[in-house]
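Chain by chain, the residues run as shown.
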Amino acid sequence: MKIFHNNTELSHCLDGLKTKGKSIGLVPTMGALHDGHLSLVDKGLSENDYVVVSIFVNPTQFNNKEDLIKYPRTLDADVSLLKTISDSTILVYAPTVKDIYDDNVQSQSFAFDGLENEMEGAFREGHFDGVGTIVKRLFEIVRPQRAYFGQKDFQQLQIIRKLVELYHIPVKVIGCPIHRAVDGLAMSSRNTRLTPEHRKAAPFIYKTLKSAKIKFGTKSAKKVTEWVEKQFKKQPLLELEYFTIADTKTLKPVKRKSTKKTYRAFIAVYAGDIRLIDNIALN
Ligand code: PAF
């Protein structure tokens with residue numbers, strides 16, 4: 001399997017493949033790969049000749065220093081996992097910070113029509129500037145035809161769609177379903193850092209989202225939100241940061257339900273010092 005740490009060498013290899021008419025998909029990741037990532041790679045390989053998997057813990061999208069330091073870095077294990085899918089049609093791009101940022105480890109500042117101010121944007125200052133910066137850079141380096149992102153980070157997905165629209169980037173952004181453990185917990189690289197007790201408690205998040213979806217059929221967003229907040233107060237191991245029912249397009253919280261719009265419920269929860277997010281389509 002080819003592993004690149006340098007964007008010039010990667011671009012050179014990709015130029016060769018593109019000249020031969022090969023299509024390229026991109027799966028951007030921060031590593032610590034799990035089945036959710038592998039499903040994105042599988043989908044990428046079903047639609048492209050080659051898939052570039054980028055593995056880069058992007059410092060500018062972390063608003064919490066401790067989280068950045070503790071974020072799992074498991075490149076050897078990630079490469080072994082990818083080899084189980086394909087040795088010859090996956091290219092790994094694992095750049096250094098200098099390769100991406102040179103000596104200026106800073107985010108560009110973006111306005112994504114307000115999408116960046118809701119939920120994750122409100123609780124993680126500068127997060128989406130960091131995401132926008134790295135994803136734009138990866139698009140420039142790889143110039144893929146298609147790029148794959150999981151819907152667990154639904155707000156991120158909508159923001160990347162907006163990034164592509166605003167900067168006229170010729171890439172098709174493909175959102176892929178959330179991959180869950182058998183007990184319903186959304187797969188995340190952060191799950192490996194949960195204590196056994198918190199891991200046992202965490203499926204409550206998705207269980208509550210599913211109940212919220214049923215309740216939203218007959219109740220207002222306000223009533224459902226109050227109900228969810230009450231459920232989490234009874235959970236000593238989980239601390240609710242936010243639960244929001246929002247318009248799928250604008251990501252603005254719902255004031256009054258309309259049958260013409262689609263909605264999603266979004267949640268962020270602390271299990272000890274690990275922050276977990278999830279979401280569910282409501283209609
Ligand atoms: O979703 C992630 O893992 C990251 O935010 C991404 C898209 C790889 C950018 O660093």
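Residues numbered from 1 in each chain as written. Predicted model: local features only at pLDDT ≥ 70, side-chain atom pairs only at ≥ 80, totals over all residues. Heavy atoms only, no water.

Chemist: Which residues make up the overall build of the protein chain, and what values go with them?
Modeler: From N to C terminus, the protein chain includes eleven helices and nine strands. In terms of principal-axis extent, the alpha carbons of the protein chain reach across some 55 × 40 × 35 Å. By residue count, 54% of the 283 residues in the protein chain fall in the buried class. A sequence separation of at least 24 residues applies to 72% of the contacts in the protein chain between residues at least 6 apart. Per element, the accessible surface of the protein chain, about 13900 Å² overall, is 51% carbon and sulfur. Put simply, the protein chain has 43 plus and 32 minus side-chain charges, and the middle of one group is 9 Å from the middle of the other. (Helix = DSSP H or I, 4+ residues; strand = E, 2+ residues; numbered from the N terminus. Buried < 20%, exposed > 50% of the residue type's maximum accessible area, 1.4 Å probe, protein only. Contact = heavy atoms within 4.5 Å. Areas by Shrake-Rupley, 256 points an atom, 1.4 Å probe, with all protein chains shown as cover. Lys, Arg positive; Asp, Glu negative; His and termini not counted. Charge placed at Lys NZ, Arg CZ, Asp CG, Glu CD.)

Chemist: Talk me through the sheet that holds strand β1 (residues 2-4); I want residue IDs and the actual numbers.
Modeler: Strands belonging to one sheet form pairs held by backbone hydrogen bonds; the direction of such a pair is parallel or antiparallel. One open sheet holds the six strands; their spatial order is β1-β4-β3-β2-β5-β6, and the pairing between them is parallel. With partners counted over all chains shown, the strands left at the sheet margins are β1 and β6 (172-176), one partner each. Pairs of neighbouring strands in the sheet enclose a mean axial angle of 25 degrees, with direction left out of account. For β1 and strand β4 (residues 90-93), the ladder comprises three bridges, and the chain directions are parallel. (Pairing = 2+ DSSP bridges. Axes fitted to C-alpha atoms, helices over the stretch in contact; angles between N-to-C directions.)

Chemist: Explain the side chain of His 34 to me, using residue names and the numbers behind them.
Modeler: Within the element layout of this structure, His 34 appears in the loop between β2 (24-29) and α2 (35-47). The exposure class of His 34 is buried, given its relative accessible area of 17%. Beyond its immediate stretch of four places on either side in the chain, His 34 contacts Met 187, Ser 188 and Ser 189.

Chemist: Describe the nonpolar core, with residues and values.
Modeler: Residues Val 52 and Phe 139 are the most contacted members of the largest nonpolar core, which totals 43 residues. Per-element accounting of this core gives the leading share, eight residues, to helix α7 (residues 127-142). Setting aside chain neighbours within four positions, we find Val 52 in contact with Leu 10, Leu 14, Ile 24, Gly 25, Leu 26, Val 27, Leu 91, Tyr 93 and Val 142. Leu 209, Phe 243, Val 269 and Leu 282 belong to the second-largest nonpolar core, a separate cluster that totals 27 residues. (Core = buried A, V, L, I, M, F, W, Y, C linked by side-chain atoms within 4.5 Å.)

Chemist: Give a description of the layout of surface pockets that names residues and reports values.
Modeler: Its boundaries defined by the atoms lining it, the second largest pocket holds a volume of some 150 Å³. Lining the second largest pocket are 13 residues, and of these His 34, Ser 188, Ser 189, Asn 191 and Thr 192 lie nearest its centre. Classifying every residue of the lining of the second largest pocket by side-chain character gives six nonpolar, six polar and one charged. (1 Å grid on protein atoms, 1.4 Å probe; cavity = no way out; pocket = protein on both sides within 12 Å on 5 of 7 lines; lining within 4 Å. Points joined across faces, edges and corners; volume = space filled by probe spheres on them. Nonpolar A, V, L, I, M, F, W, Y, C, P; charged D, E, K, R; others polar.)

Chemist: Any details on the sheet that holds strand β9 (residues 274-281)? Residues and values, ideally.
Modeler: Taken in spatial order, the three strands make up an open sheet running β7-β8-β9, and their pairing is antiparallel. Taken across any chain shown, the strands that pair with only one partner, and hence form the sheet edges, are β7 (238-247) and β9. The mean inter-strand angle of the sheet, taken between neighbouring strand axes irrespective of direction, is 15 degrees. Bridge analysis of strand β8 (residues 263-271) against β9 gives eight bridges, and the strand direction is antiparallel. Bridging from a neighbouring strand, Ile 267 pairs with Asp 278 of β9. Sitting on the sheet, helix α11 (residues 221-233) is in contact with β7 and β8, with an inclination near 165 degrees to β7.

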